[in-house]
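Secondary and tertiary structure notes
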Amino acid sequence: MSIETIDAEDVEVEEVLGSAIKRREDPSLITGRAEYTDDIQRPNMAHMAVTRSQYGHATIESIDTSEAEAMDGVIAVYTAEDFDVPGELPVGWLLDSLRTPAHPILASERVRYQGDAVAVVVADDRYVAQEAANAVDVDYDRLDAVTDPDEALEDDAPVLHEEEGDNVALDWELGDAEKTDAAFEDAATVVEADLHNQYLIPNAMEPRATVAEYNAGSGDLEVNMTSQNPHLHRLLMSGVIDHPEHKLHIRAPDVGGGFGSKIHHYADEALTALCARELERPVKWVATRTETYETDALGRGHVTHAKMALDEDGNITGFDVDTKASLGAYLSTFAPAVPTYLYGTLLSGQYDIPAIHVAVEGAFTNVPPVDAYRGAGRPEASYVVERMMTLAAREIDEDPAEFRRKNFVGADDFPYQTEVAVEYDSGDYEKTLDEALDALDYDELRERQEELRDEDRYIGVGLSAYIEACGLAPSELAGQLGAQAGLWESSLVRMQSSGTVTAYCGTSGHGQGHGTTYAQIIADELGVPYDDVEIVEGDTDEVPQGMGTYGSRSAAVGGSSLATSAGKIVEKARQIAAHQFEADEEDVEFENGEFHLAGAPDESVTIQEIAGQAYLAHDIPDDMEPGLEATSFYDPENFTFPFGLHACVVEVDPESGEIDIERYVAVDDVGNQINPKIVEGQVHGGVAQGLGQALYEGAQYDDNGTLLTGSMQDYVVPKAEHIPEIETRSTVTPCPHNPLGVKGVGEAGTIAAPQALVNAVTDALQPFGVDDIEMPLTPERVWRAVEENGGGN
């Protein structure tokens, strides 16, 4: 049943946290009053377009810009040799084995994927700019290409970066190989499988865009852009274009989705800023949908061989995973972390596995850089774990729910140290399983499955017991793992003299509802009306520092930072109240926005009244500065670990390959919920993307590295009609180490859904001997899987 929203004015102060308050962001979004980057207009603004390679791999013999330069309305044409700046995109996560070939913002000698930028054109009109970009004459000598990571690592594969000698980008492992080998030697049963996680195109509703404006008098460069982390973009761009960081202003206006694709530092945004500085006039660049398909960082791209060892009682004793991961033509900002520390550390899943080993080889391939896409390593890990759990249960002829149950980490075993480095904070995995089985009426569903098979109808039930790691932390640990940035979050909470509040946070929302949830946190901590709280983020001039929004970190890290700052305000206000009460601080209690002496609740003063006194400064402690604001840099002591159980029920027609989703049940435990309606919405969106991967999506390239799914005519994104009603339930296991007890929810559905669907389809097709089908499970692939197993004969 869907959660009903309520108006903020109908919520008492003491109930604001945890209430399903309507999102305050929605009216402007649904009435067209939101300001996206392409809505920004500036006087005398020019437009930039990019000349891109049509080949997946080629050397550049020559570039002739004369025809483009001669066109009416063209202001300038630039190639790599025209910019005297560093001009190379940095890597933000380093590993011992990592190779880091140069990633130029404009290619000058070789292009390594279709869409690689070669030149830029600036014109008075965007259509003239695009026409002129098409007129730049580039003479290429095409080279052989490779797009599959497994093939890229073969000895005879075409080499992308000749100075490296081969296509190995990284070679990484985690876990105890010797202990894991011993588990397989002693195993009663060994289950093996080859699993693929296909390339995905992020498909944010708003394509990437930039408007840059340079003030030659002050040296200030303002860049409005579609960013998930403006402060990180400011830092990286300052180095790429050689511009002082304190003179670079990055602002993210309303951003139409990101899903990870707007974390990374691309060439195009830097080129727009460079052109604005060179020409001393505003410049706008907006990607076409084709450009986003060709150049946005891809997600996934894994080829995995996995083995699971079981003892004679069906307990897991060992897990060994070997993965070949595509990193694309160049290393993107956080790409090295995704198939390593964001993947390997989650391979214990919800299970007590005494021996785990994972080896990952990262490969350079002739596709766009591969980096974080909603879930970023966690979906890939969960897919491997949960597909293997289902296959192992089948191998020993045990019910998949009970097989999972007996291998769960026990509720009394937390904190739980896994064999792959991380320590789970809290959990109760049986509770989410039981909740899902109850929702399904599982036993009756299994009986119905058997009955329908007698009628030549095939339904299947797929389970997915996922775990996620959110809010990567602490910064010291992140640095040890290779991060070239801290992963704290900053906030400033300021009470005005009137008692209203402005809260600044270094995250950068792009659809998550931060304006609502953060206001709920502040209103709860300070005991002020929700409508008296304003949230500011996404602007490096407004918020001095921040680490952005990704990895389901905003509530756990940004929200905790805001709560910490608000707590500091309460303590300062308590000192003022104690001074005015002529009492000791420890005798002053704070409740629902009011201070009173212990035992005398009728004599009180509100924190909003104290705010006025703090700015008047007529009657505050002698050693106290006026004003009422506080800043915090919150650095968590550990990740948070949300978890859940998603279940999918399908009916499959083996003769046509058609799949009908009968039910989808999502039981999630994301810790304490700030706003249950927003949690529900995040789960819905994540499940939609996860089912999209399982059923429809997949970027395909030919042998030359040419994208075959370069538009929405060829790359299928699910519509509303393709997504079933999602039945959401939840349990609550608070995070024990942050002040809010929250864990994170933004990626949960994407992590859980693909294997729930695949497990359900293969469960339905067990009479035909079908154990695996590569995603996406198109009707043709399903039909072929049945036929290859004899069509049930």
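This write-up is about the structure you can find in this document. Here the structure is a predicted model, which means the values were calculated and not measured.

Glancing now at the overall build of the protein chain. Along its length, the protein chain carries 19 helices and 28 strands. Over its C-alpha trace the protein chain gives a radius of gyration of 28 Å, about what one expects of a compact globule, namely 28 Å for 793 residues. When the backbone C-alpha atoms are referred to their principal axes, the protein chain occupies close to 90 × 75 × 50 Å. Within the protein chain, the fraction of its 793 residues that count as buried is 61%. Restricting the contact set of the protein chain to residue pairs at least 6 apart, pairs at least 24 apart contribute 79%. A total accessible area of about 29700 Å² is found for the protein chain, and carbon and sulfur atoms account for 42% of it.

Attention now goes to unusual backbone geometry. Omega for the peptide link from Phe414 to Pro415 comes to -5°, which places this bond in the cis form. Relative to the elements of secondary structure, Pro415 occurs in the loop between helix 10 (400-407) and strand 16 (416-417). Of note, the bond from Met775 into Pro776 is cis; its omega dihedral lies within 30 degrees of zero at -5°. If you trace the backbone, Pro776 turns up in the loop between helix 18 (748-764) and helix 19 (779-788).

On to helix 12 (residues 442-453). Its 12 residues place the ends of helix 12 17 Å apart at the C-alpha level, agreeing with the 16 Å of an ideal helix rising 1.5 Å per residue. Along helix 12, the positions that sit buried rather than exposed are Tyr442, Leu445, Arg446, Gln449 and Leu452. With its buried residues spanning 125° around the axis, helix 12 presents them on a single face. Along helix 12, the residues that are exposed and aim more than 90 degrees away from the buried face are Asp443, Glu447 and Glu451.

Attention now moves to the sheet that holds strand 11 (residues 248-251). Across the sheet, which stays open at both edges, the seven strands sit in the order 3-5-1-12-9-10-11 with mixed pairing between neighbours. Edge positions in the sheet fall to strand 3 (74-79) and strand 11, since each has one partner strand and no second. Strand-to-strand twist of the sheet, defined as the mean angle between neighbouring strand axes without regard to direction, takes the value 20°. Here strand 1 (residues 46-52) runs beside strand 5 (residues 117-123); their pairing, made up of six bridges, is antiparallel. Bridge pairing in strand 5 links Met48 to Val122. Along the sheet, helix 3 (residues 126-135) contacts strand 1, strand 3, strand 5 and strand 12 (283-286); its crossing angle with strand 1, the most-contacted strand, is approximately 25°. Contacts from helix 6 (residues 230-240) reach strand 10 (220-225) and strand 11 within the one sheet, and its direction differs from that of strand 11 by about 145°.

The buried fraction of strand 13 (residues 299-310) amounts to 10 of the 12 residues, a majority that puts the element mostly inside the structure. In this structure, strand 13 lies alongside strand 14 (residues 316-328), joined through nine bridges in antiparallel fashion. What sits directly across from His305, in strand 14, is Asp322. Counting the residues between successive antiparallel strands, the hairpin from strand 13 to strand 14 contains five residues, one of them, Gly314, with a positive phi of roughly 85°.

This next bit is on the sheet that holds strand 7 (residues 168-175). The five strands lie next to each other as 7-15-14-13-8, forming an open sheet whose pairing is mixed. The sheet is open, and its two borders are formed by strand 7 and strand 8 (189-200), each paired with just one other strand. Within this sheet the neighbouring strands show an average axis-to-axis angle of 10°, counted without direction. Of the strands in this sheet, strand 7, strand 8, strand 13, strand 14 and strand 15 (356-364) are in contact with helix 5 (residues 177-185), which crosses strand 14 at around 125°. Its contacts with the sheet place helix 9 (residues 378-395) against strand 8, strand 13 and strand 14, and it is angled at close to 145° to strand 8.

This part takes up the nonpolar core. Counting residues in hydrophobic clusters, the biggest one holds 131 residues, and the most contacted among them are Phe319, Leu347, Met388, Val650, Leu757 and Leu777. No other element matches helix 9, which puts nine residues into this core. Contacts of Leu347, omitting those with residues within four sequence positions, involve Phe319, Val321, Ile353, Ile356, Val358, Ala381, Val384, Val385 and Val420. Within the second largest apolar cluster, 45 residues are counted, among which are Ala519, Leu526, Phe595 and Leu740.

The full count for this structure, using the stated rule, is 17 aromatic pairs. Here the aromatic rings of Tyr55 and Tyr140 are separated by 5.3 Å at their centres, their planes lie at 80°, and the arrangement is edge-to-face. On the criterion of sequence distance, the pair formed by Tyr55 in the loop between strand 1 and strand 2 (58-64) and Tyr140 in strand 6 (residues 137-142) is long-range, its members being 85 residues apart. The class of Tyr55 is partly exposed, set by a relative accessible area of 29%. By relative accessible area, which is 13% here, Tyr140 ends up buried. The interplanar angle of 75° and the centroid separation of 5.2 Å between the aromatic rings of Trp172 and Tyr341 together place this pair among those described as edge-to-face. Taken together, the residues Trp172 in strand 7 and Tyr341 in the loop between strand 14 and strand 15 connect sequence positions 169 residues apart. Every member of this aromatic cluster is reached through a ring pair, and the members are Tyr351, Phe408, Phe414, Tyr429 and Phe643. Above the face of the Tyr550 ring, Arg553 is positioned so that its terminal group lies 5.3 Å from the ring centre.

Definitions and cut-offs
Residues numbered from 1 in each chain as written. Predicted model: local features only at pLDDT ≥ 70, side-chain atom pairs only at ≥ 80, totals over all residues. Heavy atoms only, no water. Helix = DSSP H or I, 4+ residues; strand = E, 2+ residues; numbered from the N terminus. Rg over C-alpha atoms; globule rule 2.2 N^0.38 Å. Buried < 20%, exposed > 50% of the residue type's maximum accessible area, 1.4 Å probe, protein only. Contact = heavy atoms within 4.5 Å. Areas by Shrake-Rupley, 256 points an atom, 1.4 Å probe, with all protein chains shown as cover. Expected span 1.5 Å × (residues − 1). Arc of directions from axis to C-beta. Pairing = 2+ DSSP bridges. Axes fitted to C-alpha atoms, helices over the stretch in contact; angles between N-to-C directions. Core = buried A, V, L, I, M, F, W, Y, C linked by side-chain atoms within 4.5 Å. Phe/Tyr/Trp six-rings, centres within 6.5 Å; stacked < 30°, edge-to-face > 60°. Lys NZ or Arg CZ within 6 Å of the ring centre and 35° of its normal.

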